[in-house]
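# Survey of secondary and tertiary structure
Each chain, written out:
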Amino acid sequence: MRKSLVFMYVSGLFLLGLIGISGAVTISIWDEFAAPPMRTAQDATYEAFQKAYPEINITQAHFQNAPYEWILKVAFAGGEPPNIVEVNPGGDLFDKVRGEAILDITDFVLKRLDRVLMPEVDFKLGGKYWGVPLGDLAYGNIIWHNTDILRKYGISADSLQTWTGFMAASEKVKNQGITPIAYGNKEGWNGNHWYNHLLFATLGKEKFQELALRALIPGWESKLKFDDPAALKAWELYAELWEKGYFSAGAAVDDYPAAYTYFLNGRAAFFQTGGWFLGTARYNAPDFPLGYTWFPSIEGYPGKYGGVITSGVTYALTTNNTSETKEAALKFLDWVMTEDTAARIRVEIGKVPPAYRISLAGLEVDPLLKTQIEEAARTPESSPFMDHLMDFDLCYEYTWIASQGILTGDLTPQEAARELEKAVQEWQRKYPNKETLPSPSLRG
Amino acid sequence: MSLQDMNQKTRTKLIAFSFIFPMFVFYTVFLIMPTIASIILSFTEWRGISLFQIKFIGLNNYRELFKDPIFWIALRNTFLFVLFALTFQYALAFILAILLQQDNRISGFFRAVFFAPQVLSLIIVGLLFIFFLSPSMGLVTVFLEKIGVRLAKPLLADKRVAIYILILVRTWREFGFSMFLLIAGLQAIPKSIYEAAEIDGARSLQRLWFLTIPLLKEVSIVVMILAGTAAFRVFELVYVISAGGPFHATEVAVTYTYQRAFVGSRMGYGSSIATTLAAIMLIFTVLFLYLSKAGSRRY
C-alpha cells in the first residue's frame, strides 16, 4: 500500500514536471458568437492560432449575445473574468473602462495600428487604446432585397438609392400583396438602427457625430439638438414607414430571427440590417435570391448614398491576468493584428468584411461581400453607430425603446425627439466636465 | 465528552442540529446573504463591474423609483398576474379538481394532460407560444387569415390585451400544479362526511358549499400563497415572449429589475426594485395568512 502511494506521488510530480517543462500556458477567451457561421469562424480562428503557437492553449466559451453582457458583469464582479473578452464598442467598452476591468494596451496597439481599418472610437477611449479589432467590420446600413421580387415587379436596384425611389418600390410591392419590409423590433436595437441610419441621412456625417457625442463627452460643445427639424425628420420618416403599412405586421413583437426568417421565406421584399446578415442568409438559405443596396439618401438632406455606418468588436485583455497569461494573451492579439489569418477566416466563413488591411488572394469571397468591400472603400463618408457615440443607457431607453413606442402609438415622432433631447440635457447636467466621470481612465 | 456522556435532551438536540445545519448553511449562503446584499445595494449606485466603485447614495434610488412611471406600469402588470393567479387560476384548478378527483382511467388521463405543461420549462413554453402568436408566422395568425379574420393589431402588439395574453399563457402552464394539490386535499376528506350529509338530505351544491370548501380551506390557502408568490416573481415567460414590450406594455417587476440592473448597468436601482417587490410580497403573504385565519378564530 505504502509503495503504491509513493509510486503515484512520484508519477504525479513527474507529470507536473513535464507540463512545466513543456511551457504550455492556457488562456481563456469569451465571445458572443454562439451560432454558425460566426461560431464556426471563431473556432477556426482559435484552432489556427493554436497550430501556429502550440505552447499556448485556448479555452473558449461562446455565449448568446443577449445575456453576454450581464454574464461578463457577473464574472467581473466576482473577480473571475476570462483572460480575454470580446467587447462591443461604445457603451459596453465605456462600462468596462469605467469599471477598471480591462487593461490599457496603448503602447501595444500603437505599434500595430497601420493595418487597422476599424474606426478608432470603437476601441479607443480617453485617448487610450483598450482593445484590438477582432477581425471583421460591420457595415450597418444595408437594405437587403429579394431580387426575384424586384425583377417580377420591374423595380430596379438603382431606384432604391433615393428615399423617394425606396418608398415608391415599397408601395408597389405592397399593392401586389407583398409585405415591403420585414421588421422585428422586439429587442429594440433594430428600431435604433432605423433611426440611426435615417438620422445619418438627414444630417450627414459631421452633424450626426456632433449631435451624438453630446451624450458621451462631457463638456462637448454643440448647438445641435435632437428635436431640431432635421433630426426630428428621422423619427417622422420612421413613423411614416409604419403608418403606410410598409413594415411587417409583427414589427413591434417579432424578434430579429423571426424577421429575417420572414424575409428568407420570400414574404417580404426588403430587410434592413447590417452586412453580418450575408453569412446568416447563405447559411440558412443558400439559394435565396439576395441583393442589396446601401441605405438610401433622402432628397433635400446632406447624407449621401453610399455613406457607410461601420463598426466592429474587439478583443480586450482583462485585469484577471498573471504575467504569464498576459504574455500569452498579447501573443494572441499580436497574431490577430499582424497576421492575415484571423481576418481571412472571418471573411471566408463569416462572410463579413475585414477590419484589417489584408490580402484576399486565394480566398473564396462571396460576390456580394466583394462588392460591398469595394464600395465601402470608395464611400463618401462613414461613421460608427450612434450608440457607440452616446451613453448606452440613454440611447437604450430613448432610441431603442422609443422606436417601439412609435410602433405602438405611445409616442409621436415629436415626443420621441423631445424626450431624447431632454434626456441628453439631463446627462450633460450630470456630467458637466470630464472630472465628473467616475473613472480616471476616461478623463484623459 | 462523548454522546453517551450527554443527557438525552442534549443528545437529541445535537443530532437534530447536525441534520439541520447543512441546509441552514445552504439557506444562509444562497438566500439570506444575497437578500441582505441586495437590500444594501439598493442604497448604492453601482455599474456592476468593480466592487470598489460602489457608491452609497442613501434613499436616492427609492426617490427615483416612486417617480418612475415605468415602475408603476410594471407593478400594475405584476398585480394583474397575482390577481389572476388568485382568482381565475384557482377557480379553474378547483373546478377541474372537483371533476377529476375520482380514481379512474379517464380522470387519470385528463389529470396527466392538465399537469403536462408543468413539466415543460417556462422557456420552452414561451418559445412554443411565440410560434402560435407571432404576428408574422404564428399558427393563430395563419388560421385567422384562412378564415378571413384580420385583426386591427396583432394580439401581442396591442397593449390593451398583450398582458392578458401572457396571463392566459401562464395560467395554462401553472394551473395543473394547483389542481393536483387540490385533488390531494379533496382525497384526504373522509368519504363518511359526505355520506352522512347525503343521508341528512344535503344536495350536491350544499355539500360543495358547506363541506368541501370549508374542509379544503387549509389546502386552498397553501395553493393560493404558492400561486400568488410565484405570480409576483414571473419573469421567464414574459422575457421570452415579449421582453416586457412593446414599449413596456407587458413589463413586470422582475423584467424591469433585470433591465435596469443588467441591461442598463444600474445594479443599485435594480436592487431597489427587487427590495420593494420583496417587501410587497411579504406584506401580501402576512396579510393573506391573517385574513385566511380570520374566519376560524375562537371566541
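Calculation criteria
- Residues numbered from 1 in each chain as written.
- Chains lettered and ligands numbered in written order.
- Predicted model: local features only at pLDDT ≥ 70, side-chain atom pairs only at ≥ 80, totals over all residues.
- Heavy atoms only, no water.
- 1 Å grid on protein atoms, 1.4 Å probe; cavity = no way out; pocket = protein on both sides within 12 Å on 5 of 7 lines; lining within 4 Å.
- Points joined across faces, edges and corners; volume = space filled by probe spheres on them.
- Nonpolar A, V, L, I, M, F, W, Y, C, P; charged D, E, K, R; others polar.
- Salt bridge = Lys/Arg side-chain N within 4 Å of Asp/Glu carboxyl O.
- Helix = DSSP H or I, 4+ residues; strand = E, 2+ residues; numbered from the N terminus.
- Buried < 20%, exposed > 50% of the residue type's maximum accessible area, 1.4 Å probe, protein only.
- Contact = heavy atoms within 4.5 Å.
- Buried area = accessible area lost by both parts, 1.4 Å probe.
- Pairing = 2+ DSSP bridges.
- Axes fitted to C-alpha atoms, helices over the stretch in contact; angles between N-to-C directions.
- Core = buried A, V, L, I, M, F, W, Y, C linked by side-chain atoms within 4.5 Å.
- Phe/Tyr/Trp six-rings, centres within 6.5 Å; stacked < 30°, edge-to-face > 60°.

## Notes on empty space enclosed by the protein
- Scanning the entire structure with this criterion turns up two cavities of 30 Å³ or more.
- Every residue along the wall of the largest cavity is listed here: Asn141(A), His197(A), Phe200(A), Ala201(A), Phe295(A), Pro296(A), Ser297(A), Gly303(A), Lys304(A), Gly306(A) and Gly307(A).
- Across the lining of the largest cavity, the residue classes break down as four nonpolar, six polar and one charged.
- Quantified by volume, the second largest cavity comes out at close to 30 Å³.
- Around the second largest cavity, the lining residues are Lys186(A), Ala252(A), Val253(A), Leu156(B), Ile241(B), Ser242(B), Gly245(B) and Pro246(B).
- For the lining of the second largest cavity, the per-class residue count stands at five nonpolar, two polar and one charged.

## Considerations on the pattern of salt bridges
- Applying the stated criterion to the full structure yields 22 salt bridges over all chains.
- With its nearest N and O atoms 4.0 Å apart, the salt bridge here joins Arg39(A) to Asp43(A). Taken together, the residues span about one helical turn, with Arg39(A) and Asp43(A) both in helix α2 (residues 38-52) at a distance of four residues.
- The partly exposed category is assigned to Arg39(A), whose relative accessible area is 35%.
- In this structure Asp43(A) comes out as partly exposed when scored by relative accessible area, which is 25%.
- In this structure, the salt-bridge partner of Arg173(B) is Glu174(B), at a minimum N-O distance of 2.9 Å. Glu174(B) matches Arg173(B) in its accessibility class, with the two residues each being buried.
- Taken together, the salt bridges that share partners define one network made up of Lys73(A), Asp95(A), Asp393(A) and Arg47(B).

## Remarks on the interface of chain A and chain B
- Taken together, the contact pairs 33 residues of chain A with 35 residues of chain B.
- Overall, the association of chain A and chain B removes approximately 2900 Å² of surface from exposure, summing both partners, and the carbon and sulfur fraction of that is 55%.
- Among the residues of chain A in contact with chain B, Lys73(A), Lys186(A) and Val253(A) are the three that bury the most area, contributing 19% of the side total.
- Between the two partners, chain A and chain B, sit four salt bridges.
- Taking the shortest distance from any N to any O, the salt bridge between Glu397(A) and Arg260(B) comes out at 3.5 Å.

## A closer look at the layout of surface pockets
- Taken as a whole, the second largest pocket encloses approximately 1700 Å³ of empty space.
- Around the second largest pocket sit 47 residues that line it, and Tyr398(A), Glu426(A), Lys430(A), Glu64(B) and Arg266(B) are the ones nearest its centre.
- Going through the elements one at a time, α16 (392-408) and α17 (413-430) of chain A together with β1 (44-45), α2 (60-66), α3 (69-99), α12 (253-263) and α13 (267-294) of chain B are the ones with two or more residues in the lining of the second largest pocket.
- Counting residues per element, the lining of the second largest pocket draws most heavily on α17(A), which supplies eight residues.
- Its residues placed into classes, the lining of the second largest pocket shows 20 nonpolar, nine polar and 18 charged.

## Remarks on the environment of Gln209(A)
Residues and elements named next belong to chain A.
- Residue position: glutamine 209 is located in helix α9 (residues 205-212).
- A sequence separation of 145 residues divides glutamine 209 from proline 354, and the C-alpha atoms of the two residues are 24 Å apart.
- If we ignore the near neighbours within four places in the chain, the residues touching glutamine 209 are Ser382, Ser383, Pro384 and Leu389.

## Here's the deal with the sheet that holds strand β11 (residues 290-294) of chain A
All names here are of chain A.
- Strand order across the open sheet formed by four strands is β9-β10-β8-β11, with mixed pairing between neighbours. The open sheet has two free edges, formed respectively by β9 (179-182) and β11, since each of these has just one partner strand. Strand-to-strand, the axes of this sheet are offset by a mean angle of 25°, without reference to chain direction.
- One ladder, built from five bridges, connects strand β8 (residues 142-146) with β11; its direction is antiparallel. Residue pairing for β11: asparagine 146 is matched across the bridge by leucine 290.
- Along the sheet face, helix α11 (residues 256-264) touches β8, β9, β10 (268-273) and β11 and points at about 145° away from the line of β10.
- Across the sheet, helix α15 (residues 367-377) is in contact with β8 and β11; its angle to β11 comes to roughly 10°.

## Some remarks on the pairing of strand β13 (residues 314-317) of chain A
Residues and elements named next belong to chain A.
- Residue alternation in β13 divides its side chains into two sets, Thr314 and Ala316 and Tyr315 and Leu317, and both sets are buried.
- With four bridges connecting them, strand β3 (residues 84-87) and β13 associate as antiparallel partners. When the sheet's bridge partners are listed, glutamate 86 is paired in β13 with tyrosine 315.
- Two strands pair when backbone bridges link them, and strand β6 (residues 132-133) and β13 are joined in this way by two bridges, in the antiparallel orientation. Its bridge partner lying in β13, valine 132 is registered against tyrosine 315.

## Some remarks on the nonpolar core
- Counting 214 residues, the largest nonpolar core has Trp194(A) and Phe332(A) as the members making the most contacts within it.
- The greatest single-element share of this core, amounting to 14 residues, is contributed by α3(B).
- Apart from the residues lying within four places of it in its own chain, the contact partners of Trp194(A) are Ile143(A), Trp163(A), Phe166(A), Ile181(A), Tyr183(A), Tyr238(A), Leu241(A), Phe247(A), Gln272(A) and Phe295(A).

## Re unusual backbone geometry
- Note the cis peptide between Pro36(A) and Pro37(A), where omega equals 5°.
- A positive phi angle is found at Phe247(B), which is not glycine, with a value near 55°.
- By the element assignment, Phe247(B) lies in the loop between α11 (236-241) and α12.
- Even without glycine at this site, His248(B) takes up a positive phi of about 70°.

## Regarding the sheet that holds strand β14 (residues 382-383) of chain A
Residues and elements named next belong to chain A.
- As summarised here, the arrangement of the three strands in space is β7-β12-β14, forming an open sheet in which the pairing is mixed. The sheet is open, and its two edges are formed by β7 (138-139) and β14, each paired on a single side.
- Here two bridges tie strand β12 (residues 308-311) to β14, and the two strands are oriented parallel to one another. Bridging across to β14, valine 308 finds its partner in serine 382.

## Quick look at the packing of aromatic side chains
- One pass over the structure, following the stated rule, counts 61 aromatic pairs over all chains.
- Aromatic pair Trp189(A) and Tyr256(A): ring centres 5.0 Å apart, planes at 50°, arrangement tilted. With a gap of 67 residues between them, Trp189(A) in helix α8 (residues 189-203) and Tyr256(A) in helix α11 connect regions that are remote in the sequence. For the pair Trp189(A) and Tyr256(A), one class covers both residues: buried.
- Ring centres 5.3 Å apart and planes at 70° place the aromatic pair Phe129(B) and Trp172(B) in the edge-to-face group.

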